[in-house]
Amino acid sequence: MMLTKKVRASIDNSVLCWLATVSNQGIPNVSPKEVFKYYGDDKIIVANIASPQTKKNIENNKNVCISFIDILIQKGFQLKGTARVINKMSVEFKNMEAELLKITKGKFPFLTIFEITITTVKPIIAPKYILYPETTEKDQIESAKQTYGFSG
């Protein structure tokens, strides 16, 4: 199982993810996505709300990388795998759409879904945890709140 409880919890705590694709000419494209969810043991689904370049790239080159972090704890994951575009006419679309509609509550229309089958999982952690091993997640949250002007 690629999407462990820890990876799933990180997805649940992340507001955005970044989906990286590559064109046929080798030109990289990274696009933020806010409607994404784990799906089964080894898949992530992403609503295609306004991403024509991402769609085109996936149709031409299925290799992708998706990453996400909890912005306060500054930990997350980088996942690599292969993607495919799920069209509205596909049998699978309805079940995937139902999961994503829980997030959007119908406020964002999408005609396709990107389904990513994960092949590798790598943790992402802020350098402070490595340079200062005594750093706790609580310390990191307080530091991030001060740095970014969060209160509460």
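None of the values given here were measured: they were computed from a predicted structure. (Residues numbered from 1 in each chain as written. Predicted model: local features only at pLDDT ≥ 70, side-chain atom pairs only at ≥ 80, totals over all residues. Heavy atoms only, no water.)

Before we go on, may I ask you to explain the side chain of E97 in this structure?
Along the polypeptide, E97 turns up in helix α3 (residues 93-104). K88 is the oppositely charged side chain nearest to the buried, salt-bridge-free E97, at an N-O distance of 4.4 Å. Excluding its chain neighbours within four sequence positions, the residues that come into contact with E97 are K88, F110 and I113. (Helix = DSSP H or I, 4+ residues; strand = E, 2+ residues; numbered from the N terminus. Buried < 20%, exposed > 50% of the residue type's maximum accessible area, 1.4 Å probe, protein only. Lys, Arg positive; Asp, Glu negative; His and termini not counted. Salt bridge = Lys/Arg side-chain N within 4 Å of Asp/Glu carboxyl O. Contact = heavy atoms within 4.5 Å.)

Which parts of the structure should I look at to understand the pattern of salt bridges?
Where charged atoms from two side chains of opposite charge come close, those side chains can pair. Per the counting criterion, the structure on display carries six salt bridges. Of the charged contacts in the structure, one is a salt bridge between R8 and D41, with a shortest N-O distance of 3.8 Å. Here R8 is found in helix α1 (residues 5-12), whereas its partner D41 is found in the loop between β3 (36-39) and β4 (43-48), with 33 residues between them in sequence. E137 serves as the salt-bridge partner of K75, at 3.0 Å between the closest nitrogen and oxygen. Taken together, the positions of K75 in strand β6 (residues 75-87) and E137 in helix α5 (residues 137-148) put the pair 62 residues apart, joining distant regions of the chain. Residue classification places K75 among the partly exposed positions, given a relative accessible area of 29%. Via salt bridges that share partners, R84, E92 and E115 belong to a single interconnected network.

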